[in-house]
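Close look at the chain arrangement
Spelled out, the chains give:
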Amino acid sequence: MTEKFIMAGSTPMHVADSERGGECVVLLHGYLESMLVWDEFISLLKDECRVVVMDLPGHGVSMVDGETHTMEYLAECVGLTMKALGVERYHVVGHSMGGYVALAMMDNYAANLASITLLSSTTSADSQEKCDRRRREIELIKAGKKNTLARLVPHQGFAPENVKRLNDWIEDLRELILITEDEGVIAILGGMIERKSRGEQLRDSGIAHQFIFGRHDYYIPEDVAQEMIAADSSAGVVWLEHSGHMGFIEEAKACAKALLDFVGKL
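Our focus in this paragraph is the overall build of the protein. The number of helices and strands found in the protein is 12 helices and 8 strands. Computed over the C-alpha atoms, the radius of gyration of the protein is 17 Å, within 12% of the 18 Å expected from 2.2 N^0.38 for a compact globule of 266 residues. When the backbone C-alpha atoms are referred to their principal axes, the protein occupies close to 45 × 40 × 35 Å. Taking as baseline every contact in the protein between residues at least 6 positions apart, the subset at least 24 positions apart corresponds to 75%. Across the protein, the mean location of the 26 positive side-chain charges is 1 Å away from that of the 41 negative side-chain charges.

Within the span of helix H6 (residues 146-156), buried status applies to Lys146, Thr148, Leu149, Ala150 and Pro154. Elements that come into contact with the buried residues of H6 comprise helix H5 (128-142), helix H7 (167-179) and helix H8 (182-194).

Let us now look at helix H10 (residues 222-230). Listed in full, the buried residues belonging to H10 are Ala225, Met228 and Ile229. The arc that holds the buried residues of H10, viewed along the axis, is 100°, so those residues lie on one side. Residues of H10 that are exposed and angled more than 90 degrees away from the buried face: Asp223, Glu227 and Ala230. Residues of H10 that are buried make contact with strand E6 (113-119), strand E7 (208-214) and strand E8 (236-240).

Turning our eyes to something else, we now look at the side chain of His14. For His14, the location among the structural elements is in strand E2 (residues 11-17). Its relative accessible area of 11% is what places His14 among the buried residues. A distance of 2.8 Å separates the side chain of His14 from the side chain of Glu3, its partner in a polar contact. Once you skip the residues sitting within four places of it in the chain, His14 turns out to touch Glu3, Lys4, Phe5, Met35, Val53, Met54, Asp55, Val61 and Ser62.

Ordered by their spatial adjacency, 8 strands build an open sheet running E1-E2-E4-E3-E5-E6-E7-E8, and the pairing between neighbours is mixed. Looking at strand neighbours, the two that pair on one side only are strand E1 (2-8) and E8, the edges of this open sheet. Within the sheet, the average angular offset between the axes of one strand and its neighbour, ignoring direction, is 25°. Sheet topology places E1 next to E2; 7 bridges connect them, and they run antiparallel. Following the sheet pairing, Phe5 is matched in E2 by His14.

This next bit is on the packing of aromatic side chains. Evaluated as defined, the whole model comprises 6 aromatic pairs. Put simply, the rings of Trp38, Phe41 and Phe248 pair up and form one aromatic cluster. Sitting over the ring of Tyr100, Arg195 keeps its end group 3.5 Å from the ring centre. The side chain of Arg215 reaches across the aromatic face of Trp239, ending 4.1 Å from its centre.

Bringing the packing of helix H2 (residues 71-84) against helix H3 (residues 97-104) into the picture now. Contact geometry for H2 and H3: axes closest at 8 Å, N-to-C directions at 75°. Classified by the angle their axes make, H2 and H3 are roughly perpendicular. Along the contact surface, H2 presents Met71, Glu72, Leu74, Ala75 and Val78, while H3 presents Met97, Tyr100, Val101 and Ala104. The residue makeup of the contact of H2 with H3, split by class, is 8 nonpolar, no polar and 1 charged.

As defined by bridge partners, E7 adjoins E8 across 5 bridges and the pair is classed as parallel. Directly across from Phe213, in E8, lies its bridge partner Trp239. Tracing the backbone out of E7, into H10 and back to the parallel element E8 gives a crossover that is right-handed.

A cluster of acidic side chains, namely Glu3, Asp39, Glu40, Asp168, Asp172 and Glu175, defines a negative patch on the protein surface. Top contributing element to the negative patch by residue count: H7, with 3 residues. For Glu3, the location among the structural elements is in strand E1. What makes Glu3 exposed here is its relative accessible area of 52%.

What follows is about the side chain of His59. Position of His59 relative to the elements: it lies in the loop between strand E4 (50-54) and H2. Relative accessible area serves as the criterion here: at 1%, His59 is assigned to the buried category. Within polar-contact distance, the side chain of His59 engages the backbone nitrogen of Leu32 at 2.9 Å. Residues in contact with His59, not counting those within four places in the same chain, are His29, Gly30, Tyr31, Leu32, Glu33, Met97, Thr180 and Ile188.

What counts and how
Residues numbered from 1 in each chain as written. Predicted model: local features only at pLDDT ≥ 70, side-chain atom pairs only at ≥ 80, totals over all residues. Heavy atoms only, no water. Helix = DSSP H or I, 4+ residues; strand = E, 2+ residues; numbered from the N terminus. Rg over C-alpha atoms; globule rule 2.2 N^0.38 Å. Contact = heavy atoms within 4.5 Å. Lys, Arg positive; Asp, Glu negative; His and termini not counted. Charge placed at Lys NZ, Arg CZ, Asp CG, Glu CD. Buried < 20%, exposed > 50% of the residue type's maximum accessible area, 1.4 Å probe, protein only. Arc of directions from axis to C-beta. Polar contact = N/O pair within 3.5 Å; in protein donor to acceptor, adjacent residues only side chain to side chain. Pairing = 2+ DSSP bridges. Axes fitted to C-alpha atoms, helices over the stretch in contact; angles between N-to-C directions. Phe/Tyr/Trp six-rings, centres within 6.5 Å; stacked < 30°, edge-to-face > 60°. Lys NZ or Arg CZ within 6 Å of the ring centre and 35° of its normal. Parallel < 35°, antiparallel > 145°, perpendicular 65-115°, else oblique. Nonpolar A, V, L, I, M, F, W, Y, C, P; charged D, E, K, R; others polar. Right-handed = clockwise from strand over helix to strand, strands pointing away. Patch = residues over 30% accessible without salt bridge, like charges linked within 9 Å, V, L, I, M, F, W, Y side chains within 5 Å. Areas by Shrake-Rupley, 256 points an atom, 1.4 Å probe, with all protein chains shown as cover. Salt bridge = Lys/Arg side-chain N within 4 Å of Asp/Glu carboxyl O.

What follows is the structure, given as structure tokens:
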């Protein structure tokens, strides 16, 4: 993977690109993550696909730009980055928050999207309860208590059966949270609070899409996932039976196979 900085408009983006392969797959990380979370997953894809990953603004070493990072702003950064790389058509895989960004790309980059894979992500806007929880997280950060998030959040992403086995990953995710700029976390939280539902837009878009869910996802319970599936008969659906919210880590080979099979069919 070749790492570089690319200007997406006025925003410098930290990007890594395998630069060769067949279909191009863009992997978008989730909230409180960075492109580093894809390191092992990339190895399962790059023999068959060109793989591009990036730090979304507010995460990793991409810059913070403003008090709120809307999903539309992040989507524009991704689209401009891909244009700068000279890639006109690509498959986007969005993990959790990355899925929200992938969906927002439909506004201005639908013609560039060969497919969308929502990996442990949803098409609906935040409920009032979830918005309130995000506002409490903002207050934690402003109070200098980001370490509380680092202590509580990472292990909740994993199915109980995987917590012990993947404890090193959990510690790495804690470290990622601690080194993420406070302003970036606050900007991202604000953007997620503002995001809109895009289920109908996705159904009507004509863009091939699939949902990959973990059977033991703390953040997306099975009944919520089933509602999403029932509302979109055109979506492909894959269940990772031994995963929580971090299926690309918990069941990396099964997750990669699901993605490659989907891309291959298209």
